[in-house]
Amino acid sequence: MTATAGESVTKPAWQRMLAEAVRDPRLLLDEMGLDHGLLPAARSASGLFPLRAPWPYIRRMRYGDPNDPLLRQVLPLDAEHHDPPGYDSDPVGDGDALQSGGVIHKYHGRALLVATGACAINCRYCFRRHFPYTEVNASTGDWSQALSYLAAETSITEVILSGGDPLTLTDRRLAALNDGLKQLDHIKRLRVHSRLPVVLPQRIDDHLIDWLTGSRLQPILVIHANHPNELDDDVASAMRRLQQAGAVTLNQAVLLRGVNDDVATQAALNERLFDIGVHPYYLHLLDTVRGASHFEVGSDEAITIQRGVSAELPGYMVPRLVREIPGEPAKSWIHW
Ligand SMILES: *Cc1c(COP(=O)(O)O)cnc(C)c1O
Ligand code: SF4
């Protein structure tokens, strides 16, 4: 094998697995033993937003079940062409809040950096499925504009790496970003929002642990899991490694029709998270993004589910039910 200058000869295992993610609807249906009757819709809707699912995630799906809750999160359906009023391409007002270098600074004390547009998995309900990533500078690998914005805004104490999924970037680039951030005295915490520890837990390797937990910045990793079947033993070990290295680990989930819209599933998800040392942080109501309306669970039903979960679990296992309203100073809690 030959290597180009500056690149190591062997790529980490996770990069190979990332590249091997399934993008062909026919392959996914065949692997899951599903009827090709689903194929025309899957092909057509993947033109709106491509199919993408990594193997470690696919292996946790139930064979032969078209309603499997993990499959539903990635399989493109005809329903995505349906656009009821109120659904649009930027439901949370990110376009208005975008600063130079890919920084989204909406809330006091913390700023979110759109570090890349790439993801390991394409979730059909993603609120950024129409986000104009190519217009964002940080996505091109140059952190300087983002760093100068963050250097000038001394009220910011926490930087959130988001995307896309920031952990699709190489550790070399993430370490360079971390080096820049830790030189800004006002920044205390580095938070990473990522679905990779769940869908590709092999991503949590020595190199990642080194940059994430090796600086003065306090590390927080917020994962994204919506169903207990997503959290297998490989995910548990990845989370344990992060926790042992000193990272605080939290989960955010989205309440999704046909995936986790009942008390039993929510209770099992939160208890499983806690078993693997992850604190349930937020349960989001669906953002009204075009193409995702079939996942909607209304706020009344969400409250009923939340009450049921609260009646079953200790308070610390119940995430906050929230919704994002553009222009508000924080995520809005749904009270009952
Ligand atoms: C959700 C979000 C945050 C984080 O909010 P927390 O309540 O601190 O988790 C920060 N910035 C932006 C732009 C967000 O959308
Ligand atoms: S991993 Fe996150 S950013 Fe990527 S498609 Fe899924 S929800 Fe969207």
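This text follows the structure it describes.
Residues numbered from 1 in each chain as written. Chains lettered and ligands numbered in written order. Predicted model: local features only at pLDDT ≥ 70, side-chain atom pairs only at ≥ 80, totals over all residues. Heavy atoms only, no water.

1. Observations regarding the overall build of the chain
Alright, step 1. For the chain, the helix and strand inventory stands at 13 helices and nine strands.
Alright, step 2. Looking at the 336 residues of the chain, the share that counts as buried comes to 55%.
Alright, step 3. At a minimum sequence separation of 6, the contacts of the chain that also span at least 24 residues come to 81%.
Alright, step 4. Summed over all atoms, the accessible surface of the chain reaches about 14400 Å², with 50% contributed by carbon and sulfur.
Alright, step 5. Computed over 33 positive and 41 negative side-chain charges, the separation of the two mean positions in the chain equals 3 Å. (Helix = DSSP H or I, 4+ residues; strand = E, 2+ residues; numbered from the N terminus. Buried < 20%, exposed > 50% of the residue type's maximum accessible area, 1.4 Å probe, protein only. Contact = heavy atoms within 4.5 Å. Areas by Shrake-Rupley, 256 points an atom, 1.4 Å probe, with all protein chains shown as cover. Lys, Arg positive; Asp, Glu negative; His and termini not counted. Charge placed at Lys NZ, Arg CZ, Asp CG, Glu CD.)

2. Here we look at the site of ligand 2
Alright, step 1. Near ligand 2, the surroundings consist of C119, I121, N122, C123, C126, G164, R195 and H224.
Alright, step 2. When grouped by side-chain class, the residues that make up the shell around ligand 2 number four nonpolar, three polar and one charged. (Near = heavy atom within 4 Å. Nonpolar A, V, L, I, M, F, W, Y, C, P; charged D, E, K, R; others polar.)

3. Points about the nonpolar core
Alright, step 1. In this structure, L28, L150, L181 and L242 are the most contacted members of the largest nonpolar core, which totals 92 residues.
Alright, step 2. Those residues in contact with L28, other than ones at most four positions away along the chain, are V22, L51, I58, L71, V74 and L75.
Alright, step 3. With six residues, the next largest nonpolar core counts L112, V114, F131 and I160 among its residues. (Core = buried A, V, L, I, M, F, W, Y, C linked by side-chain atoms within 4.5 Å.)

4. Brief notes about the packing of helix α12 (residues 263–275) against helix α13 (residues 299–312)
Each packed pair of helices is defined by two parameters, the angle between the axes and the distance between the axes.
Alright, step 1. Interaxial distance between α12 and α13 falls to 9 Å at its minimum, and their mutual angle equals 50 degrees. Here α12 is positioned oblique relative to α13, judged by the angle of their axes. In the crossing of α12 with α13, the sense of the turn from one axis to the other is right-handed. Mapping the contact onto sequence places V263, Q266, A267 and N270 in α12 and I305, G308, V309 and E312 in α13.
Alright, step 2. For the contact of α12 with α13, the per-class residue count stands at four nonpolar, three polar and one charged. (Axes fitted to C-alpha atoms, helices over the stretch in contact; angles between N-to-C directions. Parallel < 35°, antiparallel > 145°, perpendicular 65-115°, else oblique. Left-handed = near helix turned anticlockwise from the far one by under 90°.)

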